[in-house]
Amino acid sequence: MAMKNSRQALIQLAILVALGAAVLLTILLPRQAEGRKAVEPLEISVVLREADSTLWATARLGMEQAAGELGAELRVLTLAQANDAQGQLSVVRREAEQKADALVVVPADPVELGLALIQGELGCPVVSLESAVDGAPQTVAPDNGALGRALAQAALDDGCRGPVLLANASPDSTGVTQRVRGARQALEEAGLEVRLEEEGQLEGLLDGEWAAVMVFEPALTERALALKEGMGLDVPLYGAGVTANVAAGLERGTVTAAAAWSDFAAGYLAVEGAAALARGTQRQADPLPFFILRGEDIYEPKYQKLLFPVS
């Protein structure tokens, strides 16, 4: 009899333990679910240095994918006039005042933006695309100096031996200027004559006696391509950044070669970094890999996936 009572007591105890565990689960699980739901979406503003956002179309796809995965809302803004440093700084300040959780900026003037960050004017973290900025904890860009040298080497490999025109429409952009500097150094070390045009005024210059013309950003590459085809010139053209128009120029042979990287990856990493900074973590991205692309390479699957990841 005593044994039977002991067994019943154990059964009753087991039932009570199970009931207690069930009660705890009904209390804890909703709280955990509430904790997951309590993570509010971030607001991330993206401020470009161009007036034409189509140049960043592929990068924006990467930004939007990262935002969707990381619970962020994006606001993408362009300038009334390309490379307007003061106008961009006004936009950046306004977005910070409107309580953006983080900013992604393609700086028109990295020095001016850096001063604003160092002086604590913005109050939110900034990820910089293309050019490093003092005070910005993360930069997403290729090794710009190495990219310029590689583009110059492509021209040297093609047998370029005469004067070369280097055009830079964004002299305040340290990233673009580093590309120009790297190319110039490589060409001069090879004994070539180099002329630097820092206003990006290709009209009246492109039809000179050049062995090659080099430009170092997507907007100017597109402009040089249109001018070359419109004037019927055959000067070798080397560019940077592969938009749909530049890809078509490579296919036609109007663009001899272009330094390229994955804009989709750049956009994704920028928003990923901004979200991490807004949530209190930080990770410096490695430099974006780049490659030299020619017309015969354009349809290779590895390049198609990098350049046009959603095509």
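Structure: above.
The model shown is predicted, which means the values in this text are computed figures rather than measured ones.

A. Fine view of the sheet that holds strand 4 (residues 126-129). Strand order in this open sheet of 5 strands is 2-1-3-4-5, and the pairing throughout is parallel. Strands at the two margins of the open sheet, each flanked by one partner only, are strand 2 (72-77) and strand 5 (138-140). Within the sheet, the average angular offset between the axes of one strand and its neighbour, ignoring direction, is 20°. In terms of strand pairing, strand 4 meets strand 5 through 3 bridges, oriented parallel. Residue pairing in the sheet places Leu 129 in a bridge with Val 140 of strand 5. Each of strand 1 (42-47), strand 2, strand 3 (102-105), strand 4 and strand 5 touches helix 9 (residues 263-278); the most contacted strand, strand 4, lies at about 165° to it.

B. Layout of the layout of surface pockets. Roughly 190 Å³ of volume is contained in the largest pocket. Around the largest pocket, the lining comprises 14 residues; the ones closest to its centre are Glu 50, Leu 55, Ala 82, Ala 219 and Leu 220. Each residue belonging to the lining of the largest pocket can be placed in one class, and the counts come to 6 nonpolar, 2 polar and 6 charged. Looking at the second largest pocket, its volume works out to about 160 Å³. If you trace the second largest pocket, you find it lined by Thr 54, Leu 55, Ala 57, Thr 58, Glu 222, Val 242, Thr 243, Ala 244, Asp 263, Leu 307 and Phe 308. Class assignment of the residues belonging to the lining of the second largest pocket gives a composition of 6 nonpolar, 3 polar and 2 charged.

C. Looking closely at the nonpolar core. Formed by 48 residues in total, the largest nonpolar core has its most connected members in Ile 44, Leu 129, Leu 187 and Met 214. Ranked by the residues each element gives to this core, the list is headed by helix 9, at 7 residues. Excluding residues within four positions of it along the chain, Ile 44 makes contact with Ala 72, Glu 73, Leu 74, Arg 75, Ala 102, Val 104, Val 271, Ala 274 and Ala 275. Core analysis: the next-biggest nonpolar cluster, separate from the first, contains 26 residues, Val 215, Leu 237, Val 246 and Phe 291 among them.

D. Seen up close, empty space enclosed by the protein. This structure, assessed with the given rule, holds 3 cavities of 30 Å³ or more. Roughly 100 Å³ of internal volume is contained in the largest cavity. Lining the largest cavity are Arg 49, Glu 50, Leu 55, Trp 56, Glu 130, Arg 179, Glu 217, Pro 218, Ala 219, Trp 261 and Asp 263. Counted by class, the lining of the largest cavity contains 5 nonpolar, no polar and 6 charged residues. Here the second largest cavity defines a volume of roughly 80 Å³.

Scoring rules and cut-offs
- Residues numbered from 1 in each chain as written.
- Predicted model: local features only at pLDDT ≥ 70, side-chain atom pairs only at ≥ 80, totals over all residues.
- Heavy atoms only, no water.
- Pairing = 2+ DSSP bridges.
- Helix = DSSP H or I, 4+ residues; strand = E, 2+ residues; numbered from the N terminus.
- Axes fitted to C-alpha atoms, helices over the stretch in contact; angles between N-to-C directions.
- Contact = heavy atoms within 4.5 Å.
- 1 Å grid on protein atoms, 1.4 Å probe; cavity = no way out; pocket = protein on both sides within 12 Å on 5 of 7 lines; lining within 4 Å.
- Points joined across faces, edges and corners; volume = space filled by probe spheres on them.
- Nonpolar A, V, L, I, M, F, W, Y, C, P; charged D, E, K, R; others polar.
- Core = buried A, V, L, I, M, F, W, Y, C linked by side-chain atoms within 4.5 Å.
- Buried < 20%, exposed > 50% of the residue type's maximum accessible area, 1.4 Å probe, protein only.

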